Amino acid sequence: MSFQNSSRSAVYLSLRGISAAVLTASVLFFVAGCGAKSTNANSARGDDGKQQTPATPAEAARTLDLSTIALAAGAKPSARHVASLSYVVTGGNVKAVFEFHKKALLAQGWKELANGSVTAQSASGMFSKNGFAVSLTTFPNGQGEILVSLQNHGNVRPGQLPVPDDGKPIYIGDASAMYVTESTVPTTADTVRGLLTAKGWIPYGGAGDSIWYKQNGVRANVTVSSAPAQGGKTMVSYTTELLSADIPAPPDATELRYADQTQELSFQTATEKPAILDFYRTALAPAKWEATLDHVVETDGADTMIFRNPAKDMLTLAFPRRGHGNLRVSIHYQTGAEIAELDRQIKAQKPALRAAAEAREKEAAARFAEANKPVPKITVPVPTDARDVEIKADEIKFTLAKGKGKSAAETLQKQLIAVGWHEDIVTLDAMAGALSFSKEKQSLTISYTDTDFTPAEVTISSASGELETAPASQ
């Protein structure tokens, strides 16, 4: 992987901003905080009452692009996308931050919808324009900061989605719609699936009782469950949201998940890799996406193929290392503006990164030089009356007249200490002895035997430097 790609990945990870949990919490807060709205068929249509075709992210951006709107004073850096925006404000208050975004939306021709709520503790509201609905929430995080969330719900209102013939509305609003039926949960789920797919909605993952369906850039979240306190009836609940990235998925995809905060789709499939590559080449071609190479390359431990479009947006199709079971696939979307910003930050960081790399190289070179610095020779004075002297690089041996071993060792001891050697171990007996010395990174050992029957034998050895002899001082 190139330095630039590695840096881009690192920078992108640092910019992902507020977690998905924060956005989910804010959306749930909004839905729970808005008051009930009377059932009204027109709320399921555009501002002019006409039926709406689910918009693409690019079409939605012409009405509102949340990746480019101004942020309130005190905003911390965060990831910014077309359809969703979550960030933290330091200082300020809930009302002021809410009014900041409300004023900006109204100035752009958005209309505030009913049932909003603004208090000192929390604020929520919805706005509409050109058939699109946007929710805005602000509330404290308990740490002296304000959490801000804006979510474009797309141009398809929940009450516009098809329902079973026996479905009776119990609530239809701008953010959600709920119905009850007399049918069982499995029957109702099958009916809803058939109705939605007949209208062009494609299954797009799910969790628990909820199934998600996508058409263009709009995702419908559908929950079919047993209605509480309704005598065994079934509840059907709809919400809708705009996605910042319109990423297709193969029909057999399982464990499918899309997160707008990262603009990444992941799933598993029983289909083999070549067929998945062919699927994406074909599925992306109508939108003029083209693979930059005709083969995958390994990047960060995964086989990867990059697609680009005329707007310089990028899709990264990746196959993480496969274990047992189905093939794992992820597709990460980045806009041309995001890529340009990442490249700008990489370029801005290059001088500091280069300086840090050069400093590391100098430090490593210094350590290498120190480790490989020539070790100075160790000069050992040999008594002038020494006989049978044997000299090797790491050892010197000689003999002395019997009875002189200890005195020779003591003389060498004084001479070595005088030139800076440190005495570590000393054993001096008449018949045998041993002394060890150290100096900086070098060591030296002197041993002798003197039985009084044969000449004294003296050995001087070192494992950390070459030995050389010098006449003993008189």
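Residues numbered from 1 in each chain as written. Predicted model: local features only at pLDDT ≥ 70, side-chain atom pairs only at ≥ 80, totals over all residues. Heavy atoms only, no water.

A. Quick look at the overall build of the protein. The number of helices and strands found in the protein is eight helices and 27 strands. Residue pairs in contact within the protein that sit at least 24 positions apart in sequence constitute 52% of those at least 6 positions apart. Accessible surface, the protein: about 23,900 Å² in total, of which carbon and sulfur atoms supply 54%. (Helix = DSSP H or I, 4+ residues; strand = E, 2+ residues; numbered from the N terminus. Contact = heavy atoms within 4.5 Å. Areas by Shrake-Rupley, 256 points an atom, 1.4 Å probe, with all protein chains shown as cover.)

B. A look at the sheet that holds strand β7 (residues 168–172). Taking strand neighbours across the sheet as the criterion, the six strands line up as β7-β8-β12-β11-β10-β9 in an open arrangement whose pairing is antiparallel. The two strands at the open ends of the sheet, each matched to only one other strand, are β7 and β9 (202–207). Each strand of the sheet is rotated relative to its neighbour by a mean of 25°, with strand direction disregarded. Packing against the sheet, helix α5 (residues 185–198) makes contact with β8 (176–181), β9, β10 (210–215), β11 (218–226) and β12 (234–242), and its axis sits at approximately 160° to β11. (Pairing = 2+ DSSP bridges. Axes fitted to C-alpha atoms, helices over the stretch in contact; angles between N-to-C directions.)

C. The sheet that holds strand β25 (residues 442–449), seen in detail. Read from one edge to the other, the open sheet built from six strands follows the order β21-β22-β26-β25-β24-β23, with strand pairing classed as antiparallel. Of all strands in the sheet, those bounded by a partner on one side alone are β21 (387–391) and β23 (422–428). Recorded for the sheet is a direction-independent mean angle of 10° between the axes of neighbouring strands. Pairing between strand β22 (residues 395–400) and strand β26 (residues 456–461): six bridges, direction antiparallel. Its bridge partner lying in β26, T399 is registered against E457.

D. Here's a closer look at the nonpolar core. The biggest cluster of nonpolar side chains holds 39 residues, and the ones touching the most others in it are V148 and W201. In this structure, W201 is in contact with P54, V156, L161, L196, Y213, K214, Q215, V218 and A220, ignoring residues within four places of it in sequence. Core analysis: the next-biggest nonpolar cluster, separate from the first, contains 24 residues, Y204, L256, L315 and L317 among them. (Core = buried A, V, L, I, M, F, W, Y, C linked by side-chain atoms within 4.5 Å. Buried < 20%, exposed > 50% of the residue type's maximum accessible area, 1.4 Å probe, protein only.)

E. Representation of the pairing of β7. Of the strand pairs in this sheet, β7 and β8 are connected by four bridges, and their pairing is antiparallel. Residue pairing across strands places K168 opposite V180, the latter belonging to β8. What sits between β7 and β8 in their antiparallel hairpin is a turn of three residues.

F. Seen up close, the packing of aromatic side chains. Under the counting rule described, the total for this entry stands at three aromatic pairs. Ring centres 6.3 Å apart and planes at 75° place the aromatic pair W289 and Y333 in the edge-to-face group. With a gap of 44 residues between them, W289 in the loop between α6 (273–284) and β15 (290–291) and Y333 in strand β19 (residues 327–334) connect regions that are remote in the sequence. Residue class for W289 comes out buried when judged on its relative accessible area of 11%. On the basis of relative accessibility, which here comes to 12%, the residue Y333 falls in the buried class. Over the ring of Y204 we find K214, and its NZ or CZ is 5.4 Å from the ring centre. (Phe/Tyr/Trp six-rings, centres within 6.5 Å; stacked < 30°, edge-to-face > 60°. Lys NZ or Arg CZ within 6 Å of the ring centre and 35° of its normal.)

G. Representation of the environment of A104. Within the secondary structure, A104 sits in helix α4 (residues 94–107). Placed 35 residues apart in sequence, A104 and I69 show a C-alpha to C-alpha distance of 8.7 Å.

H. Highlighting the pattern of salt bridges. This model, assessed by the stated rule, comprises 11 salt bridges. E145 serves as the salt-bridge partner of K76, at 2.5 Å between the closest nitrogen and oxygen. Here K76, found in the loop between α3 (57–63) and β1 (84–90), pairs with E145, found in strand β6 (residues 145–152); they are 69 residues apart in sequence, far enough to count as distant. Overall, the relative accessible area of 13% leaves E145 in the buried class. The closest approach of N and O atoms between R344 and E341, which form a salt bridge, is 2.8 Å. You can see R344 and its partner E341 sitting in helix α7 (residues 336–371), three residues apart, about one turn around the helix. Under the relative-accessibility criterion, R344 is labelled partly exposed at 47%. (Salt bridge = Lys/Arg side-chain N within 4 Å of Asp/Glu carboxyl O.)

I. View of the environment of F267. Locating F267 in the fold gives a position in strand β14 (residues 264–269). Residues F267 and N326, spaced 59 residues apart in sequence, show a C-alpha to C-alpha distance of 9.6 Å. Contacts of F267, omitting those with residues within four sequence positions, involve P250, A253, T254, E255, L256, Y280, L327, R328, V329 and I331.

J. Representation of unusual backbone geometry within the structure. Its identity is not glycine, yet N216 carries a phi of approximately 55°, on the positive side. Topologically, N216 is positioned in the loop between β10 and β11. Phi is positive for D300, which is not a glycine, with a value near 50°. Structurally, D300 can be placed in the loop between β16 (297–299) and β17 (302–308). Assessed through its relative accessible area of 60%, D300 is described here as exposed.

K. Structural detail: the side chain of E338. Assignment of secondary structure puts E338 in helix α7. Here E338 sits buried without a salt bridge, and the closest side chain of opposite charge, R80, lies 9.0 Å off (N-O distance). A distance of 3.1 Å separates polar atoms of two side chains, one belonging to E338 and the other to H81. With residues near it in sequence (within four places) discarded, E338 still touches R80, H81, Q263 and Y333. (Lys, Arg positive; Asp, Glu negative; His and termini not counted. Polar contact = N/O pair within 3.5 Å; in protein donor to acceptor, adjacent residues only side chain to side chain.)

L. Structural view of the confidence of the model for the protein. Residues at a pLDDT of 70 or more form 88% of the protein, whose mean pLDDT is 86. For the stretch residues 1–46, pLDDT sits under 50, and the model shows 89 contacts to residues farther than four places along the chain or on other chains. (pLDDT = per-residue confidence, 0-100.)

M. Molecular detail of α5. Helix length check: α5, at 14 residues, gives a terminal C-alpha distance of 20 Å against a target of 20 Å (1.5 Å per residue), a fit within 8%. Those residues of α5 that sit buried are T188, V192 and L196. Viewed end-on, α5 has its buried residues packed into an arc of 60°, placing them on one side of the element. Along α5, the residues that are exposed and aim more than 90 degrees away from the buried face are P186, D190 and A198. At its buried positions, α5 is contacted by β8, β10, β11 and β12. In the stretch just after α5, G200 is the one whose phi turns positive, near 95°. (Expected span 1.5 Å × (residues − 1). Arc of directions from axis to C-beta.)

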